[in-house]
Amino acid sequence: MKIALLGYGKMGKVIEKIALERGHKIVLKKTSSNTFEGLTNADVAIDFSMPNVAVENISACINQGIPVVSGTTGWLENYDEMVKLCESKNGAFLYGSNFSLGVNLFFELNDYLAKLMSKFKEYKVSMEEIHHTQKLDKPSGTAITLANTIINHTDKNDWSIENPKEDDLFIEVKRKENVPGTHTIIYNSEIDFIEIKHVAHNREGFALGSIIAAEWIIDKKGVFTMKDVLDLHSI
């Protein structure tokens, strides 16, 4: 499989390493200093870039008929636009706020727990996310995915990272050196609390998941998520 890497920072380099180990070839390493030349040689593109260029990267792939997998966060106000573009071009597009197998199982656990806890109003829910200091968006895309699931099942109307209102889900955001990603959900009452947590040890889980998604999307048409890749819809 020939892969175009859109974004060649720390994640891009880890993706490259694992892709080569799996027998794939890198035909483009897109940075801010080069062009999309070579993109049409790719079987698939993996976008781990910056929020301000994600839409450009994804659009370029869809317009040239290249399936694209994107793990860039912080640009989702334009997500529906990319979905419409993909549908109009009969393309293939997959966005994931997190490609880790463990995180996607954690998403399912969060969904189930939120449904369960919605009946017990004495428990107040909150979240914490911790990432490395180079992460620009706050909260993380993973935290937003988790938060939106909780909001769908509770009386919360929105999430907030500061000065939360009574009906907001509070997300405490922390940035620390060398933390790949930690997400914690707490249901607290006067007599006890329930906590679920996912801790990433390194970036390799994210990178491997994005490559598995890229392998999966070849020859498919439509808009997908990691639930499709991991066949989690029936769980």
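Along each chain, residue indices are assigned from 1 in the same order as the chain's sequence is written. Confidence filtering applies because this is a predicted model: local features only for residues at pLDDT of at least 70, side-chain atom pairs given and counted only at 80 or more, and all residues used for totals across whole chains, interfaces and linings. Side-chain measures here rest on the full set of heavy atoms in the structure, leaving out hydrogens and waters.

A. Up close: the pairing of strand 5 (residues 92–95). Here strand 5 shows no split at all, with A92 and L94 on one side and F93 and Y95 on the other all buried. For strand 4 (residues 68–70) and strand 5, the ladder comprises 3 bridges, and the chain directions are parallel. Note that in strand 5 the partner of V68 across the bridge is F93. By the convention used here, strands pair only if DSSP detects at least 2 bridges between them. In this description a helix means any DSSP run of H or I spanning at least four residues, a strand means any run of E spanning at least two, and both kinds are numbered starting from the N terminus. Pairing of strand 5 with strand 11 (residues 222–224), which is carried by 3 bridges, proceeds in the parallel orientation. Bridge assignment links F93 to a residue of strand 11, and that residue is V223. Exposure classes here rest on a 1.4 Å probe applied to the protein chains alone. A residue is buried below 20% of its type maximum, exposed above 50%, and partly exposed in between.

B. Structural detail: the environment of I186. For I186, the location among the structural elements is in strand 9 (residues 182–188). In this structure the C-alpha to C-alpha distance between I186 and I196, which are 10 residues apart in sequence, comes to 6.8 Å. Pairs of residues are marked as contacts when any of their non-hydrogen atoms sit within 4.5 Å. Not counting the four nearest positions on each side in its chain, I186 is found in contact with K124, V125, S126, F193, I194 and E195.

The values reported here are purely geometric and, on their own, carry no functional implication.
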